[in-house]
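Structure at a glance
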Amino acid sequence: MAINVSKGDCFHCGLPNLEDDKYPVTILHKTHNMCCPGCQAVASAIVENGLESYYEFRTEPATKGDSALDNTMNKLAVYDEPELQEEFVFENGKHKQIQLTVEGITCAACGWLIEKQLAKVVGVKQVSVNVGARRAMIAWNDKEIKLSGLLKQLKTIGYESLPFQADKHEASFQSEQKSYLKKLGLAGLMTMQVMMLAMAQYFDLFGDIDAESTRYFNWISLVLTTPVVLYSGSVFYLSALKATMARTINMDISVTVAIFSTYIAGFITVNQVDAEVYFESICMFVFFLLISRYLEQRTRHKANQISSNMLKHIPVTAYKWINGELTSVLAKQLQVNDLVLVKAGEIIPVDGEITEGHATIDESMLTGEFESVDKQQGAYVYGGTINQLGVITIKVTKTLKYAMVNQILRLQETAMANKPKVALLADRLSRHFSIIVLAFTAFTYGFWYFQDSPHAFWIAISVLVATCPCALGLATPSALTCAMAKLNKGGILLKRADALEQLTDISDIVFDKTGTLTYGEFSIQKVWVADGSQKDALLSIATALEMRSEHPIAKAFSKLEIDIKHQCISNFKVSIGNGISGNINGHVYQLGSANFIGINNENPFINELNDASIILAKDDCVVAAFWLADKIKNDVADVLKTLSGYETSILSGDNEKNVRDVALKLGIGKTYAQRTPLQKLDTIKTLQHQGKKVLMLGDGINDAPVLAAADVSVAVGNASDLAKNAADVILLNAQLDSLALVLRMAKRARRKIKQNMVWAIGYNVLVLPLAMAGFLTPWMAALGMSISSIIVVYNSTRLLRD
Amino acid sequence: MSIIYVLIPLAIVIVGIAVSIFFWAVRSNQFDDLDRQGYSILFDDDIKHKDVDTNEQKEKINKTDETK
């Protein structure tokens, strides 16, 4: 049952263990090695609390432990603020109740672990974990334990949990799903019973059953069918009623007519000896139709849960100056003109103007560009961006509600609401189909009635049942559900199943650049050294210097994995926006821009240094230079080759030159550079006005509005939560080859849907003359309809293979 | 054949019970998470820490919590 962690890997998280036996933990009388203090702490906490069975039964390794545990723990205290809690904590009598999204749930054993751990805590009244949705519901007594205490308990066993912004429709989805399940279950159970009684009569070939027994069977069937008609079928009547009120016609009208007329006719004739009752047909009919509705509803509910898990409540705190003293407050409490101090490494709480100091600011969450920006006194900074270096005081210019991030969020919401609606194939078809069916039924009834046939009514019912668009109704949802399940296994999440159908109509594919086509971080493209023999030593010195820096450039050097242990740096200094310097082995080294080093036209290496990103100088003498650039992801070129049938373009916030470079390398024709989120949105809308169907790929918060507006949108691995929330498709890994897979699957699903429809309609067309001619009795019609539905479902499940 | 006059109503009663149990299960969220509950039986809750009273355990946890 349990998984086997291979030797040399961390026992807790299953990642390679590079530290050998530095972090051992004894689990179930055996010593296991962990890879980091984080995993060690989590594993020890699990063992200490007597929850070792987790390791026996888990089916997936855990997520990696957080090494900076104590640090994160302290930040949790902010969740105890009543002002923050009012949004997501519910008072339930004496207790408080909360829903948390829990990150790091990998298998069913995690659910057990969390429930056990929390159940032991004094003050906790109820815990229930939903592994599928990755959520936990906790009820607790606020006098005995605080919310932050609960979050801490979860954190000690390795789960990050946060309150989230529950979707408005979620509660109604949930109750709707439950009622569907009840109706479906009831219909299923009753169908079995009624069918049993009906079968006895079908196979009564020799007429052995006496009239009394037959009447008895019919009465029982009537009793059993009544709840199915009145309760299970109510979905269809309501929908039919809504359609008639809106003066349109849908499938449910013919369904309603068929159910009620069969039921009432059976009810009237149940006492007669030659009664024509078709209760089993009604039950089966309702049951099969409900299955397709339930499937459809469930996929939508799941998608809804995924997207609302992504909107986590992460409150931002700020240090506010009050009468010359710093006080910690929530960002949403800040007013215009308040003065706020932001230290290095902190998130800037709201939009404001720098009044003191200067800093390097990472604005990637707004612009999508990882290259940080230097800001001086008087410059504007935006809430949600990160202060990488320097201490600044800012004057608040907008309260949190009107901050840039929330504006983007609103932009996204309106874009989502205005998304072009597509009439799906099945909806369009079934509408025409219903009209035709109703017309044919009326005609048939009229014809036989004037022929004075005693069977006119039953023939008309047979027509309704035989042509019931049940298989047609199943054609799309069953194919889409199967395609979704298949894609899920490949690490692709679909939030909207019908996105697959729309994917096949796409004409244009628009890519965001940074983070989507490229890795979104610097890497070293070229190194030049004055003295070739010194290359390794100089690289090591440059890496050692960069290791001390927070700048994104430093990451490019840390990827080199050069041993820097013997480099002893003293007198390390950072000049914001210019470079860094330090003393190593008695020499002064400077690393930074050409200006910082002081390169002028007389420098002997001026030709070699052309365009170098950073230069290394030793005692004022240039010794090396590095060219840095964002690297294009490995598989992008291959993926783009498979997309030759589409018009591709890049839509980026980055400057013209960088965008052109990438476009040239990848052979992408059109580029749109330096676009703000609003301009990006306009670009997409212009394309859509030209009648193009746009597929957008992006990852940043700045992409969220465009992702919401595009006909179909894909958030690429490691995308920001907001982008994931706006997108229809989420790729869980950072590679783009999943895109080709999605497109291929969309085509296959479309083909399946068409096959299903051809079959469903073909069957109906074939059976219609038979029914109209009166050759079919309702039970044959119901049986035929069911078999047709089963064939459609089986055809769809073939998508799950290969 | 008169036995069917007893057996069929009996069957209906049983089906009625089955339906009400099913409704109760749906209402008490048992169909919300189909992955999780199947595992519950695998875990032994009563074997570990025989010597430690559950109350003592609770105190212990709360103490460690306070020290943090």
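No experiment lies behind these values; they were computed from the predicted model shown.

Procedures and definitions
Residues numbered from 1 in each chain as written. Chains lettered and ligands numbered in written order. Predicted model: local features only at pLDDT ≥ 70, side-chain atom pairs only at ≥ 80, totals over all residues. Heavy atoms only, no water. Helix = DSSP H or I, 4+ residues; strand = E, 2+ residues; numbered from the N terminus. Buried < 20%, exposed > 50% of the residue type's maximum accessible area, 1.4 Å probe, protein only. Areas by Shrake-Rupley, 256 points an atom, 1.4 Å probe, with all protein chains shown as cover. Expected span 1.5 Å × (residues − 1). Contact = heavy atoms within 4.5 Å. Polar contact = N/O pair within 3.5 Å; in protein donor to acceptor, adjacent residues only side chain to side chain. pLDDT = per-residue confidence, 0-100. Pairing = 2+ DSSP bridges. Axes fitted to C-alpha atoms, helices over the stretch in contact; angles between N-to-C directions. Left-handed = near helix turned anticlockwise from the far one by under 90°. Nonpolar A, V, L, I, M, F, W, Y, C, P; charged D, E, K, R; others polar. Core = buried A, V, L, I, M, F, W, Y, C linked by side-chain atoms within 4.5 Å.

In this section: the overall build of chain B. Of the regular secondary structure elements, chain B holds 2 helices and 0 strands. Expressed as a percentage of the 68 residues in chain B, the buried residues total 24%. Roughly 5100 Å² of accessible area belongs to chain B as shown, and the carbon and sulfur atoms make up 61% of that amount.

Looking now at helix H5 (residues 108–119) of chain A. All names here are of chain A. Taking 1.5 Å as the rise per residue, H5 with 12 residues should run 16 Å; its terminal C-alpha atoms sit 17 Å apart, in good agreement. Within H5 the residues assigned to the buried category are Ala108, Ala109, Cys110, Gly111, Trp112, Leu113, Ile114, Glu115, Gln117 and Leu118. Against the buried residues of H5 lie helix H1 (37–48), helix H2 (53–57), strand E4 (95–103), strand E5 (124–130), strand E6 (135–140) and helix H6 (147–156).

Right, let's talk about the side chain of A:Lys96 for a bit. All names here are of chain A. Tracing the chain through its elements places lysine 96 in strand E4. The class for lysine 96 is buried, based on a relative accessible area of 13%. Within the structure, the side chain of lysine 96 is placed 3.4 Å from the side chain of aspartate 142, a separation counted as a polar contact. In this view, lysine 96 contacts Gln85, Val89, Phe90, Glu91, Ile138, Ala139, Trp140 and Asp142; residues no more than four positions away in its chain are not counted.

Looking at chain A, pLDDT values average 82 and 94% of them are 70 or higher. For chain A, per-element mean pLDDT is lowest for helix H3 (residues 69–75) of chain A, which scores 64, and highest for strand E18 (residues 508–511) of chain A, which scores 92.

Residue and element names in this part refer to chain B. Taken as a whole, chain B shows an average pLDDT of 72; of its residues, 62% reach a score of 70 or greater. Low pLDDT, under 50, characterises residues 48–58; the predicted model gives this stretch 13 contacts beyond four residues in sequence or across chains. Across the assembled chains, the prediction reports ipTM 0.71 with pTM 0.70.

Bringing the sheet that holds E18(A) into the picture now. Residues and elements named next belong to chain A. In space, the 7 strands of this open sheet follow the order E17-E29-E28-E27-E18-E25-E26, with mixed pairing throughout. Since the sheet does not close on itself, it has two edges, and those belong to strand E17 (492–494) and strand E26 (670–672), each with one partner. Within the sheet, the average angular offset between the axes of one strand and its neighbour, ignoring direction, is 20°. For strand E25 (residues 647–651) and E26, the ladder comprises 3 bridges, and the chain directions are parallel. Within the sheet, the bridge partner assigned to serine 649 lies in E26 and is lysine 670. Strands E18, E25, E26 and strand E27 (694–698) of the sheet are contacted by helix H24 (residues 677–689), whose axis makes an angle of about 160° with E27. Most of the contacts of helix H27 (residues 737–772) go to strand E29 (residues 729–731), to which it runs at about 140°, and overall it touches E17, E18, E27, strand E28 (712–715) and E29.

What follows covers the packing of helix H10 (residues 251–269) of chain A against helix H15 (residues 456–466) of chain A. Residues and elements named next belong to chain A. Contact geometry for H10 and H15: axes closest at 9 Å, N-to-C directions at 145°. Taken as a pair, H10 and H15 cross one another with a handedness that is left-handed. For the pair formed by H10 and H15, the contact residues are Ser254, Val257, Ala258, Ser261, Thr262, Ala265 and Gly266 on the first element and Phe457, Trp458, Ile461, Leu464 and Val465 on the second. Class assignment of the residues belonging to the contact of H10 with H15 gives a composition of 8 nonpolar, 4 polar and no charged.

Residue and element names in this part refer to chain A. If you look at the biggest cluster of nonpolar residues, it comprises 113 residues, and the most contacted ones within it are Phe511 and Leu695. When sequence neighbours within four positions are dropped, the list of residues in contact with leucine 695 reads Leu503, Ile506, Asp508, Ile509, Val510, Val712, Ser713, Val714, Leu739 and Leu743. Core analysis: the second largest hydrophobic core is formed by 56 residues, Met34, Ala62, Ala108 and Ala136 among them.

A word on the sheet that holds strand E15 (residues 386–389) of chain A. The strands making up a sheet are joined through hydrogen bonds of the backbone, oriented either antiparallel or parallel. Residues and elements named next belong to chain A. Across the sheet, which stays open at both edges, the 3 strands sit in the order E13-E12-E15 with antiparallel pairing between neighbours. Of all strands in the sheet, those bounded by a partner on one side alone are strand E13 (373–375) and E15. Taking each pair of neighbouring strands and ignoring which way they run, the sheet shows an average axis angle of 45°. Bridging between strand E12 (residues 359–362) and E15 involves 3 bridges; their strand directions are antiparallel. Its bridge partner lying in E15, threonine 360 is registered against leucine 389.

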